[in-house]
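A structural walkthrough
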Protein chains: 2
Amino acid sequence: MPDPVVVLIEDEPQIRRFLRATLTGQGYRLFEATSGADGLVEVGSRQPDVVIVDLGLPDIDGIEVIRRLREWTDVPVIVLSARGQERDKVTALDAGADDYVSKPFGASELLARIRVALRHTAGASHEADEAAFKLGELQVDLLHRRVFVGEREVHLTPIEYKLLTTLVQHAGKVVTHQQLLREVWGPTHTDQAHYVRVYMAHLRHKLESEPARPRYLLTEPGVGYRLAAE
Amino acid sequence: MPDPVVVLIEDEPQIRRFLRATLTGQGYRLFEATSGADGLVEVGSRQPDVVIVDLGLPDIDGIEVIRRLREWTDVPVIVLSARGQERDKVTALDAGADDYVSKPFGASELLARIRVALRHTAGASHEADEAAFKLGELQVDLLHRRVFVGEREVHLTPIEYKLLTTLVQHAGKVVTHQQLLREVWGPTHTDQAHYVRVYMAHLRHKLESEPARPRYLLTEPGVGYRLAAE
DNA sequence: GCGGATTTTTACGCGATTTTTACGACCCAA
DNA sequence: TTGGGTCGTAAAAATCGCGTAAAAATCCGC
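Summary of the structure given here. Note that the structure is predicted; figures quoted are calculated from it, not measured.

**Some details on the pattern of salt bridges**
On inspection of all chains with the given rule, the structure shows 41 salt bridges over all chains. Across the pair D99(A) and R113(A) runs a salt bridge whose closest N-O atoms are separated by 2.9 Å. Here the residue D99(A) occupies a position in strand β5 (residues 99-102), and R113(A) occupies one in helix α5 (residues 107-125), the gap between them amounting to 14 residues. Comparing D99(A) with R113(A) shows no difference in burial state: the two are buried. Among the charged side chains, a salt-bridge network with shared partners connects K89(A), D99(A), E109(A), R113(A), K89(B), D99(B), E109(B) and R113(B).

**Observations concerning the environment of R83(A)**
Residues and elements named next belong to chain A. On the secondary structure map, R83 appears in the loop between β4 (77-81) and α4 (86-95). For R83 and Q14, which are 69 residues apart along the polypeptide, the C-alpha to C-alpha distance reads 18 Å. Setting aside its immediate chain neighbours within four residues, R83 contacts L55, D61, D88, Y100 and S102.

**Quick notes on the layout of surface pockets**
Once rolled over the atoms, a probe with the size of a water molecule shows which space is left empty. In this structure, the second largest pocket spans a volume of roughly 270 Å³. Along the wall of the second largest pocket there are 19 residues; nearest its centre are K89(A), S102(A), E109(A), K89(B) and S102(B). Those elements that provide at least two residues to the lining of the second largest pocket are β5 and α5 of chain A together with β5 (99-102) and α5 (107-123) of chain B. Considering only residue class, the lining of the second largest pocket consists of eight nonpolar, four polar and seven charged.

**Things to note about the nonpolar core**
Within the largest apolar cluster, 57 residues are counted, with the highest numbers of intra-cluster contacts made by V79(B), L164(B), L207(B) and L217(B). The greatest single-element share of this core, amounting to five residues, is contributed by helix α6 (residues 158-169) of chain B. Beyond its immediate sequence surroundings of up to four residues, L164(B) is in contact with V140(B), V147(B), L156(B), L203(B), L207(B) and L217(B). Counting 27 residues, the second largest nonpolar core, distinct from the first, contains L135(A), V149(A), L164(A) and L207(A).

**Some thoughts on the packing of helix α3 (residues 62-70) of chain B against helix α4 (residues 86-95) of chain B**
All names here are of chain B. Closest axis-to-axis distance for the α3/α4 pair is 9 Å, and the angle between their directions is 15°. Judged by the angle between their axes, α3 and α4 are roughly parallel. Two packed elements cross with a definite hand, and for α3 against α4 that hand is right-handed. From α3, I63, I66, R67 and R70 reach across to α4, where they touch T91, A92 and A95. Of the residues assigned to the contact of α3 with α4, the class counts are four nonpolar, one polar and two charged.

**Brief notes about the packing of aromatic side chains**
Each aromatic ring pair is summarised here by two numbers: the centre-to-centre distance and the angle between the ring planes. All names here are of chain A. Scanning all chains against the criterion turns up six aromatic pairs over all chains. Considering the side-chain rings of F18 and F105, the 6.2 Å spacing of their centres and the 50° angle between planes classify their relative orientation as tilted. Pair noted here: F18 is in helix α1 (residues 13-25) and F105 is in the loop between β5 and α5, with a separation of 87 residues, a long-range link. Residue F105 is classed as buried on the basis of its relative accessible area, which comes to 15%. By the ring-pair criterion, three or more aromatic residues cluster together here, those being W185, Y195 and Y199.

Scoring rules and cut-offs
- As a convention, each chain's residues are numbered from 1 in the sequence order in which they are written.
- Lettering of chains starts at A and numbering of ligands starts at 1, both following the order in which they are written.
- pLDDT decides what is reported in this predicted model: residues at 70 or higher carry local features, side-chain atom pairs at 80 or more are listed and counted, and totals for whole chains, interfaces and linings draw on all residues regardless.
- Only heavy atoms go into the side-chain values, all of them from the structure, while hydrogens and water stay out.
- Any carboxyl oxygen of Asp or Glu that lies within 4 Å of a side-chain nitrogen of Lys or Arg is treated as forming a salt bridge with it.
- Put simply, DSSP H or I for four residues or longer makes a helix, DSSP E for two residues or longer makes a strand, and each gets a number counted from the N terminus.
- The classification of residues rests on relative accessible area computed with a 1.4 Å probe and restricted to protein chains. Under 20% of the type maximum is buried, over 50% is exposed, and intermediate values are partly exposed.
- What makes two residues a contact is simply this: any of their non-hydrogen atoms within 4.5 Å.
- As defined here, a cavity is a set of points on a 1 Å grid over the protein atoms alone where a 1.4 Å probe fits but cannot get out. A pocket is an open set with protein on both sides within 12 Å along at least five of seven lines, and residues line them when an atom is within 4 Å of a point.
- Grid points are joined across faces, edges and corners, and a volume is the space filled by probe spheres set on the points.
- Amino acid classes used here: Ala, Val, Leu, Ile, Met, Phe, Trp, Tyr, Cys and Pro are nonpolar; Asp, Glu, Lys and Arg are charged; the rest, including Gly, are polar.
- The criterion is simple. A nonpolar core is a set of buried Ala, Val, Leu, Ile, Met, Phe, Trp, Tyr and Cys residues joined through side-chain atoms within 4.5 Å.
- Fitted lines through C-alpha atoms give the axes, limited to the stretch in contact for helices. The angle between two N-to-C directions lies from 0 to 180 degrees.
- By the definition adopted for this analysis, an angle is roughly parallel if under 35 degrees, roughly antiparallel if over 145, roughly perpendicular if from 65 to 115, and oblique otherwise.
- Handedness of a crossing follows from how the near helix is turned relative to the far one, being left-handed for an anticlockwise turn of less than a right angle and right-handed for a clockwise one.
- We call Phe, Tyr and Trp rings a pair once their centres come within 6.5 Å, taking the six-membered ring for Trp, and we label the pair stacked below 30 degrees between planes, edge-to-face above 60, and tilted otherwise.

Pasting the structure below:
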């Protein structure tokens, strides 16, 4: 996963400075807003993984910021507040906040609560990862790393599999020898164009019903190879 | 939605009484446990929507309770604790807790945090969250940490068990050597790939009827291992 | 501190995989 | 026609990864 993105909506400069140091030091990408209005725009444009919002903002009330966010996004919201009153907490949480931290707060606690928030969204995205490629009889299940021709499962060696998936990722488009070598063998072997031919032959024998007259793994003479598309 | 089910793991009688009144008054169905061991069983049998756990339990440490729960379920866990120390919070949250409330706490705040937890699971609702894994003769009871082959119970060492459950959690998918090392031995041992082979051999001898021709614990050459799925 | 269980090391044979080498077919331009 | 280039195929050689066993070190309960 790339570095998580955090939007911080906070008007007090010293708190911003403190959190900037803490969060960037932990590998988060931080974007700051100093008012509620700015904050709403920032969340819209940055698509963050977590939002941290202070309740005491100069323009809009923090509670109102949360309500507006909840109209269109489920991004985790952590509230920072000087008010430690119980009714403030309840109001913020019921408005849609996911957590509430009272000032003064410790950096490590806030970081831990951010990790909790990230955990939650990590689980949610897990559902949408049905990754499969189908083309005629050929079927590549990226998620389970399995390849089928019709009903029959085909075993591929690591290089064969990597080569195939590289072609799958650019299905329909031509991939040059250079690209394939770089993707499969790494940037150091960019001259052994022979490897590609040898392994393309392997793949054709395993996947094509008539390896000499390929239906899926097509040669683009002088350029590279192409995986046929619908 | 029917009334949400809550399991409370707490040894102090006065807190239990207080929460019983509060929660049942709000329409929650409450089940109580007074020790960590009881709590784990209760969560397993009641399938609650939220678990509330005190850190100071008579038998098992509350942190350990959270870890054991996280081996097989994603149910939201809210920690209650007399210790307000920051490092306690971080430990609990990183062990898998979703929220941390320090004593003394107000009823309305706790209720609000329960509502947050319920909101989270409402979205990801119907995940078939079974505490047991079955595949042919092989049967893994995550809740009680027991493993069977047919009728016979098999004893596994801690590492063997962790390795197996890691594969169970990704059943059907390939798990790379790296992942297994990180999950079982921790992020520091990410280069000793032998370990995995040695222990996979152990597991096969204990679980497979024909260790040389495994039916469950499959090798993906050059990549890692995979627990067969239906 | 003892003894058994468990984990960590070490070593090695075998088979799968990758790399290398060789060669014939084909296309196109000189 | 011919010769250099690209491509496909086959098979040999080198390498690597896997499974296995067993010894050494460590942990843990008594």
